[in-house]
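# Remarks on the overall topology
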Amino acid sequence: MSFHITSEAFEPGQAIPTRYTCDGEDVSPPLAWSEPPEGTVSFALIMDDPDAPVGTWVHWVHYNVPGDAERLEEGVPTSSTLPDGSRNGTNSWGRTGYGGPCPPRGSHRYFFKLYALDRLLDLPPGATKLDLLDEMDGHVLDTTELMGVYAR
């Protein structure tokens with residue numbers, strides 16, 4: 001088996017439950033992964049929506065998740081720094097932490113992209129997706145993604 005991300009809340013390619021959207025409680029869904037590559041020191045996660053009418057909308061930037069972690073529980077706090085040392089970046093709403101699916105109309109795809117990294121990142125809390133991608137350059141051991149959909 002290879003590096004793989006799943007959620008007990010929805011199957012790949014299926015609907016993200018309302019609970020995890022702006023129409024519900026707007027909490028992050030539980031995510032789990034298996035078989036990270038040898039040498040993984042930390043994980044980073046980007047959740048975005050490439051179908052947004054204004055271009056890709058970033059819903060969540062989360063990084064410096066400890067390398068021995070195997071999951072993110074439902075409802076990860078939106079504070080900039082968490083007790084395990086992980087950090088939330090700034091999403092497209094200008095807030096830190098998770099912001100759930102909230103399409104203005106139609107069905108959109110939401111990608112949860114998990115990166116296994118060979119080091120912790122030297123990024124302050126509140127970093128953007130572009131900051132994260134730049135800082136990860138040359139340090140990604142492997143990636144995996146989970147896609148869900150949501151329509152209003």
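A short tour of the structure in this document, coming up. All of these numbers come straight from a predicted model, not from anything done at the bench.

The phi torsion at aspartate 26 lies on the positive side, around 55°, for a residue other than glycine. Within the element layout of this structure, aspartate 26 appears in the loop between strand S1 (4-6) and strand S2 (31-34). The phi dihedral of asparagine 64 is positive, around 60°, even though this residue is not glycine. By secondary structure assignment, the location of asparagine 64 is in strand S4 (residues 57-66). Residue classification places asparagine 64 among the buried positions, given a relative accessible area of 6%.

Pairing is antiparallel across the open sheet formed by three strands, whose spatial order is S1-S2-S5. Looking along the sheet, the strands with just one partner apiece sit at the ends: S1 and strand S5 (71-72). When S1 meets S2, the two strands line up antiparallel, connected through three bridges. Bridge pairing in S2 links threonine 6 to alanine 32.

Here the focus is the packing of aromatic side chains. Within the structure shown, the criterion is met by five aromatic pairs. Taken together, a centroid distance of 5.1 Å and an interplanar angle of 55° make the contact between tryptophan 33 and phenylalanine 43 tilted. Of the two residues, tryptophan 33 is situated in strand S2 and phenylalanine 43 in strand S3 (residues 42-49); the sequence distance between them amounts to ten residues. Per residue, the accessibility class of tryptophan 33 equals that of phenylalanine 43, and both read buried. A centroid spacing of 5.3 Å and a plane angle of 85° characterise the contact between tryptophan 60 and tyrosine 98, whose relative ring orientation is edge-to-face.

Okay, the sheet that holds strand S8 (residues 140-151) next. Across the sheet, which stays open at both edges, the five strands sit in the order S6-S4-S3-S7-S8 with antiparallel pairing between neighbours. In this open sheet, the two strands that pair with only one neighbour each are strand S6 (87-88) and S8. Sheet analysis places strand S7 (residues 107-117) next to S8, joined by eleven bridges and oriented antiparallel. If you follow tyrosine 110 over to S8, its bridge partner there is glycine 148.

All right, on to the side chain of serine 42 then. In this fold, serine 42 is placed in strand S3. According to the relative accessible area criterion, serine 42 is buried, its value standing at 0%. A distance of 2.7 Å separates the side chain of serine 42 from the backbone oxygen of arginine 119, its partner in a polar contact. Residue contacts for serine 42: discarding those within four places in its chain leaves Asn64, Val65, Pro66, Gly67, Tyr115, Ala116, Leu117, Arg119 and Leu120.

Turning next to helix H1 (residues 129-136). Taken together, the buried positions of H1 are occupied by Lys129, Leu132, Glu135 and Met136. What you see down the axis of H1 is that its buried residues fit within an arc of 130°, all on one side. Turned more than 90 degrees off the buried face of H1, the exposed positions are Leu130 and Asp134. Packing partners of the buried residues in H1 comprise S3, S4, S7 and S8. Where H1 terminates, the next one or two residues include glycine 138, which has phi positive at roughly 85°.

Time to look at the pattern of salt bridges. This model, assessed by the stated rule, comprises nine salt bridges. Ionic pairing is found between glutamate 135 and arginine 119, a salt bridge with its closest N-O pair at 2.8 Å. Of this pair, glutamate 135 sits in helix H1 while arginine 119 sits in the loop between S7 and H1; the two residues are 16 residues apart in sequence, bridging distant segments of the chain. Residue classification places glutamate 135 among the buried positions, given a relative accessible area of 19%. What emerges from the salt-bridge pattern is a single network uniting Glu8, Arg71 and Glu73.

Analysis parameters
- Position numbers for residues count from 1 along each chain, tracking the sequence in the order it is written.
- Reporting in this predicted model follows two pLDDT cut-offs: at least 70 for local features of residues, and 80 or more for side-chain atom pairs to be given and counted; totals over whole chains, interfaces and linings ignore these cut-offs and use all residues.
- Water and hydrogen atoms were dropped before computing side-chain values, which therefore reflect all heavy atoms in the structure.
- Under the scheme used here, helices are H or I runs from DSSP no shorter than 4 residues and strands are E runs no shorter than 2 residues, and both carry numbers assigned from the N terminus.
- With a 1.4 Å probe rolled over the protein chains alone, any residue whose accessible area is under 20% of its type maximum counts as buried; one over 50% counts as exposed, and the rest are partly exposed.
- In short, DSSP must find at least two bridges between two strands for them to pair.
- Here the aromatic set is Phe, Tyr and Trp, taking the six-membered ring for Trp, and pairing holds for ring centres within 6.5 Å; pairs whose planes are under 30 degrees apart are stacked, those over 60 apart are edge-to-face, and all others are tilted.
- Each polar contact in these results corresponds to two N or O atoms within 3.5 Å; when the atoms are within protein, one needs to be able to donate a hydrogen and the other to accept it, and residues that are neighboring in sequence are counted only if both atoms are side-chain atoms.
- By definition in these notes, contact holds between two residues if any of their heavy atoms fall within 4.5 Å.
- Read the arc as the range of directions from the helix axis to the C-beta atoms.
- A side-chain nitrogen of Lys or Arg and a carboxyl oxygen of Asp or Glu constitute a salt bridge if their distance falls within 4 Å.

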